[in-house]
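A look at the structure
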Amino acid sequence: MASKQQQPSSPGSDMDERKRKRKLSNRESARRSRMRKQQHLDELVAQENKIKQENKKLREMIDGASELYLNFASENNVLRAQVSELTDRLRSLNSVLQIASEVSGLALDIPAIPDTLLEPWQLPCPIQPIFASAEMFEY
């Protein structure tokens, strides 16, 4: 038995030692691979959370802009109705003035209805470009 323990460099034991080292190396490599995989997964989860937060902010901004748009559109409709009503009143008053002028024989200066009231889409001033950038929408 003593002779078997003194032969550590036999070809069979070298193979066993190589297998053991290889298994150990493979285990360590697999452990590092699992760690890299877990780290990558953690990074992806963090990225997902960040994107979800950005999406939430964007949805809030879109909702706010939509609400503003609806408010402005509603106010614009009210103003258009008022312009229409006031234009009709002005026409009516102008016709009364015209009749009064003809009956009395006096020459009255009857103002004309401004074109901007008849055609509100034609602005009295030149159209200026509106400049916008993405930074305008950041809080």
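The notes below deal with the structure included here.

Rules used in this analysis
Residues numbered from 1 in each chain as written. Predicted model: local features only at pLDDT ≥ 70, side-chain atom pairs only at ≥ 80, totals over all residues. Heavy atoms only, no water. Salt bridge = Lys/Arg side-chain N within 4 Å of Asp/Glu carboxyl O. Helix = DSSP H or I, 4+ residues; strand = E, 2+ residues; numbered from the N terminus. Buried < 20%, exposed > 50% of the residue type's maximum accessible area, 1.4 Å probe, protein only. Contact = heavy atoms within 4.5 Å. Polar contact = N/O pair within 3.5 Å; in protein donor to acceptor, adjacent residues only side chain to side chain. Patch = residues over 30% accessible without salt bridge, like charges linked within 9 Å, V, L, I, M, F, W, Y side chains within 5 Å. Areas by Shrake-Rupley, 256 points an atom, 1.4 Å probe, with all protein chains shown as cover.

Examining the pattern of salt bridges
Scanning the entire structure with this criterion turns up six salt bridges. Between Glu28 and Arg32 there is a salt bridge whose closest N-O contact spans 3.9 Å. Highlighted residues: Glu28 and Arg32, both in helix α2 (residues 11–104), separated by four residues, approximately one helical turn. A residue is classified by how much of its surface remains accessible, and Glu28, at 31% relative accessible area, is partly exposed. Given a relative accessible area of 40%, Arg32 falls into the partly exposed group. Between Arg91 and Asp88 there is a salt bridge, with its nearest N and O atoms 3.7 Å apart. Of the two residues, Arg91 and Asp88 both sit in helix α2, three residues apart, roughly one turn of that helix. Using a relative accessible area of 41% as the deciding quantity, one classes Arg91 as partly exposed. Because the salt bridges share partners, they merge into one network encompassing Glu28, Arg31 and Arg32.

Some details on the side chain of Asn94
If you trace the backbone, Asn94 turns up in helix α2. Discounting residues that sit within four places of it in the chain, Asn94 has contacts with Ile110, Pro111 and Ile113.

Observations concerning the side chain of Thr87
Inspection of the secondary structure assignment puts Thr87 in helix α2. Reaching out from Thr87, the side chain makes a polar contact with the backbone oxygen of Val83 at a distance of 2.6 Å.

Overview of a nonpolar patch on the surface
Together, Leu97, Leu106 and Leu108 give the surface a local cluster of nonpolar side chains, amounting to about 260 Å² of exposed area. In this structure, Leu97 sits in helix α2.

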